[in-house]
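# Structural characterization, general
Take a look at the letters that make up each chain.
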Amino acid sequence: GAHGGDDFQWDKLEESDRMLGVGVTAVVKLMYSEKVPSVPRKLCALKVYSKAFVHAEDMVQCVRIERDMLTMLAACPFIVRLYSSRMDHNNLVLALEMLQGGELAAFIDRKAKSTDTHKTLGYGFAFPADWVRYYTAAMLCGLASVHRTGGIYRDLKPEN
C-alpha cells in the first residue's frame, strides 16, 4: 500500500533514462510528472529497494524507519521531502523531492578542480568561510531536527 502524501499521483509519473544514484541498498531514478500543455513538468526522485535484497539483508526495519523518519521530518527544510511510498511485488519505493545540484561530495570535487577556487598549502583548495558556515549550519539544522524526533543519523558524509 501507499504511505505518505495522499495527493501524490503514482500513475502520472513518467520514467526518464537518467539514473541519479546507485548505492549498496537502493537505486535512485529521475521521474517526471505527466506532461501537460503550458504547465512545467515536476521532477521527482524514486528510491527503489529490491524487496528480495531488503529481506535477504534483514533490512526491513531499516527501510521502515527511513520512511517513518522522513514522514515525521516533512516540515524540515533541511531534510529531503518524502512525497509518498509504496511497494509492489518486487520493490519498495520512496518518492522523494528532487534536489538538483547533486551530492555535496560531487560539489566539493567540482570546486576542487575549478580554477577560481582559493589555493592553500597541503590540500590544494579551500572553500570561502561563508560557504563553510552555510553548509555546516544547514547540516546541523537537519541533524538537530532528526535528533528532536529521537532519531540518530549514523552515516554523515559528503556522499549522503
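Located above this text is the structure these notes cover.
Residues numbered from 1 in each chain as written. Predicted model: local features only at pLDDT ≥ 70, side-chain atom pairs only at ≥ 80, totals over all residues. Heavy atoms only, no water.

## Section: the pattern of salt bridges
Put simply, the rule reads: A pair is scored as a salt bridge if a Lys or Arg side-chain nitrogen falls within 4 Å of a carboxyl oxygen belonging to Asp or Glu. Secondary structure elements are taken from DSSP: a helix is a run of H or I of four residues or more, a strand is a run of E of two residues or more, and numbering for both begins at the N terminus. Think of it in three bands: with a 1.4 Å probe and only protein chains considered, a residue is buried below 20% of the maximum accessible area for its type, exposed above 50%, and partly exposed in between.
A full pass over the atoms with the stated rule returns three salt bridges. We note a salt bridge from lysine 47 to glutamate 66, for which the minimum N-O separation is 2.8 Å. Of the two residues, lysine 47 is situated in strand β4 (residues 43–50) and glutamate 66 in helix α2 (residues 60–72); the sequence distance between them amounts to 19 residues. On the basis of relative accessibility, which here comes to 22%, the residue glutamate 66 falls in the partly exposed class. Put simply, aspartate 155 and lysine 157 hold a salt bridge, and the shortest N to O gap is 3.7 Å.

## Quick notes on the environment of glutamate 97
Inclusion rule: Any two residues having at least one pair of non-hydrogen atoms within 4.5 Å are treated as being in contact.
Within the secondary structure, glutamate 97 sits in strand β6 (residues 91–97). Residue class for glutamate 97 comes out partly exposed when judged on its relative accessible area of 26%. For the pair glutamate 97 and leucine 43, spaced 54 residues apart in the sequence, the C-alpha separation amounts to 7.6 Å. Among all residues touching glutamate 97, those that are not within four sequence positions of it are Ala45, Ile79, Val80, Arg81 and Tyr83.

This is a description of form; function is not addressed.
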